[in-house]
Amino acid sequence: MENQNFYDATLYALARSGEQQRLGIVTGNSQGTVTFRWWQEELRGMIRLLAGGSTATDPILVNPGDSLNLIITPDLHFKIPGER
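For the structure given in this document, a descriptive report is provided here. (Residues numbered from 1 in each chain as written. Predicted model: local features only at pLDDT ≥ 70, side-chain atom pairs only at ≥ 80, totals over all residues. Heavy atoms only, no water.)

Some remarks on the nonpolar core
In this structure, Met1, Tyr7, Ala9, Leu11, Val26, Ile47, Leu49, Ile72, Leu76 and Ile80 together form the largest nonpolar core, which totals ten residues. Where this core is concerned, the elements lending two or more residues are strand 2 (9-14) and strand 5 (42-49). If we ignore the near neighbours within four places in the chain, the residues touching alanine 9 are Asn3, Gly24, Ile25, Val26, Ile47, Arg48, Leu49 and Ile72. Among the nonpolar cores identified, the runner-up in size contains five residues, and Ala15, Trp38, Leu43 and Val62 belong to it. (Core = buried A, V, L, I, M, F, W, Y, C linked by side-chain atoms within 4.5 Å. Buried < 20%, exposed > 50% of the residue type's maximum accessible area, 1.4 Å probe, protein only. Helix = DSSP H or I, 4+ residues; strand = E, 2+ residues; numbered from the N terminus. Contact = heavy atoms within 4.5 Å.)

Quick look at the structure:
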């Protein structure tokens, strides 16, 4: 994952049932890698920016062994509904 935003981001995997699995933190303007087990075929990511709100990605279909690349854009904190 690549965080192009100034704010630190805490990342979660979201199940359709609403369950959340915390994946980790990527600091502002940096890159990181996480490995996690996922038991469902659909995945949404939740991005919580420090002091900048939170948003979820669109759902995607995943299979065991898939590699995903998440890019947090520099202006994400301006696009989160209800923020600023």
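A few points about the environment of arginine 22
Within the secondary structure layout, arginine 22 lies in strand 3 (residues 20-26). Distance in space between the C-alpha atoms of arginine 22 and methionine 46 is 9.2 Å, their sequence separation being 24 residues. Not counting residues up to four positions away in its chain, the partners in contact with arginine 22 are Thr10, Leu11 and Tyr12.

Quick word on the pattern of salt bridges
When charged atoms on two side chains of opposite charge get close, those side chains can pair. Within this structure, the stated rule accounts for two salt bridges. Put simply, glutamate 42 and arginine 16 hold a salt bridge, and the shortest N to O gap is 2.9 Å. With glutamate 42 in strand 5 and arginine 16 in the loop between strand 2 and strand 3, this pair connects stretches of sequence that are 26 residues apart. Overall, arginine 16 belongs to the exposed group, its relative accessible area being 65%. Of the charged contacts in the structure, one is a salt bridge between aspartate 75 and lysine 79, with a shortest N-O distance of 3.5 Å. The class for aspartate 75 is partly exposed, based on a relative accessible area of 32%. (Salt bridge = Lys/Arg side-chain N within 4 Å of Asp/Glu carboxyl O.)

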